[in-house]
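# Architecture and fold: a report
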Amino acid sequence: MTTIHGTAIRKVVVACDAGMGSSAMLAGQLRRQLGKHSVTVEHTPVDAIPADADVVICHQGLAERARRSAPDVIVIPIRVFIGDPAVANVVKAVQTGGELNG
């Protein structure tokens, strides 16, 4: 399992596949929460994760595809796009400088 320190996170990517809009809403929410910590948040297709991503958040059903697309990046699988505890852990790691595993 790979670990990253919250202070090292500069880019978070919310990856999706279905295009339902929930992932875009999550990306917007994270921009508001993490922007003041100099973290960029992008919303991309799971098969087009940028090489400079530090953390990828995606639905658990897409986690393996995300890992293949970005093998050296922390992948955080979630069950729901709004209110998932795993997302709160990412925000907390950035805000407090804690460790994030993925």
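In this report, we go over the structure that sits alongside the text. Throughout this document, residue positions are counted from 1 along each chain, in the order its sequence is written. It should be noted that, the model being predicted, local features are given only for residues of pLDDT at least 70 and side-chain atom pairs only at 80 or more, the latter also being counted only at that level, while totals for whole chains, interfaces and linings use all residues. Hydrogen atoms and water are omitted, and side-chain values are computed over all heavy atoms in the structure.

## Let's talk about the overall build of the chain
Elements are defined by DSSP. Helices are runs of H or I of four residues or more, strands are runs of E of two residues or more, and each kind is numbered from the N terminus. Scanning the chain from N- to C-terminus turns up three helices and six strands. Listing every helix and strand of the chain by position from the N terminus yields β-β-α-β-β-α-β-α-β. For 102 residues, the compact-globule estimate of 2.2 N^0.38 gives 13 Å, and the chain sits close to it at 12 Å. Type-normalised accessible area, obtained with a 1.4 Å probe on protein chains alone, sets the label of each residue: buried when under 20%, exposed when over 50%, and partly exposed for intermediate values. Among the 102 residues that make up the chain, the fraction classed as buried is 44%. Residue pairs in contact within the chain that sit at least 24 positions apart in sequence constitute 61% of those at least 6 positions apart. With the model as given, the accessible surface of the chain reaches about 5300 Å², and the carbon-plus-sulfur share is 51%. Neither His nor the chain ends contribute to the count of charged residues, in which Lys and Arg are positive and Asp and Glu negative. Charge coordinates come from a single atom per side chain, which is NZ of Lys, CZ of Arg, CG of Asp or CD of Glu. The positive charge centre, built from 10 side chains, and the negative charge centre, built from 9, are 7 Å apart in the chain. Only the C-alpha atoms count toward the radius of gyration. The rule for a globule is 2.2 Å times the residue count to the power 0.38. Residues are treated as being in contact if the distance between any of their heavy atoms lies within 4.5 Å. Here the accessible surface of atoms and residues is derived via Shrake-Rupley with a 1.4 Å probe, and residues count as covered only by protein chains that are part of the display.

## Some remarks on the sheet that holds strand β5 (residues 74–78)
Criterion used throughout: strands pair if DSSP finds at least two bridges between them. Strand order across the open sheet formed by four strands is β3-β2-β4-β5, with parallel pairing between neighbours. Pairing within the sheet leaves two strands with one partner each, and these edge strands are β3 (40–45) and β5. The sheet shows a mean angle of 25° between the axes of neighbouring strands, direction not considered. Bridge analysis of strand β4 (residues 55–59) against β5 gives five bridges, and the strand direction is parallel. Directly across from Val 56, in β5, lies its bridge partner Val 75. Here an angle of 0 to 180 degrees is reported between the N-to-C directions of two axes, which are lines fitted to C-alpha atoms, with helices fitted over the stretch in contact. Running at roughly 170° to β3, helix α1 (residues 22–34) makes contact with β2 (11–16), β3, β4 and β5 of the sheet.

## Here we look at helix α3 (residues 85–96)
How far a helix is expected to stretch is found by multiplying one less than its residue total by 1.5 Å. The end-to-end C-alpha separation of α3 is 16 Å, in line with the 16 Å expected for twelve residues at 1.5 Å each. For α3, the complete set of buried residues consists of Ala 86, Val 87, Val 90, Val 91, Ala 93 and Val 94. Along the axis of α3, the buried residues cluster in a sector spanning 160°; they form a single face. Turned more than 90 degrees away from the buried face of α3 sit Pro 85, Lys 92 and Thr 96, all of them exposed. Summarising the contacts, the buried residues of α3 are in contact with α1, β4, β5 and β6 (99–101). Contacts described as polar in this section are N or O atom pairs within 3.5 Å, which, within protein, must combine one atom able to donate a hydrogen with one able to accept it, while residues neighboring in sequence count only if both atoms come from side chains. Looking at where α3 begins, the residue whose side-chain oxygen comes 2.9 Å from the main-chain nitrogen of Ala 86 is Asp 84. Gly 97 sits one or two positions beyond α3 and adopts a positive phi of about 80°. This arc describes the spread of directions from the helix axis toward the C-beta atoms.

## Observations regarding α1
Taking 1.5 Å per residue, 13 residues should reach 18 Å; α1 reaches 18 Å between its end C-alpha atoms and fits that length. Buried within α1 we find Ser 23, Leu 26, Ala 27, Gly 28, Leu 30 and Leu 34. Elements in contact with the buried residues of α1: β2, β3, β4, β5 and α3.

## Quick look at the packing of α1 against α3
Helices that pack against each other are described as a pair by the angle of their axes relative to one another and the distance between those axes. Across the interface, α1 lies against α3 with an axial gap of 11 Å and an inter-helix angle of 20°. With respect to α3, the axis of α1 lies roughly parallel. As for the relative orientation of α1 and α3, their crossing is right-handed in sense. Judged by residue contacts, Leu 26, Leu 30, Gln 33 and Leu 34 of α1 engage Val 87, Val 91, Val 94 and Gln 95 from α3. Each angle gets one of four labels, with under 35 degrees taken as roughly parallel, over 145 as roughly antiparallel, 65 to 115 as roughly perpendicular, and the rest as oblique. By definition, any crossing whose near helix is turned counterclockwise from its far helix by less than a right angle is left-handed, and any crossing with a clockwise turn is right-handed.

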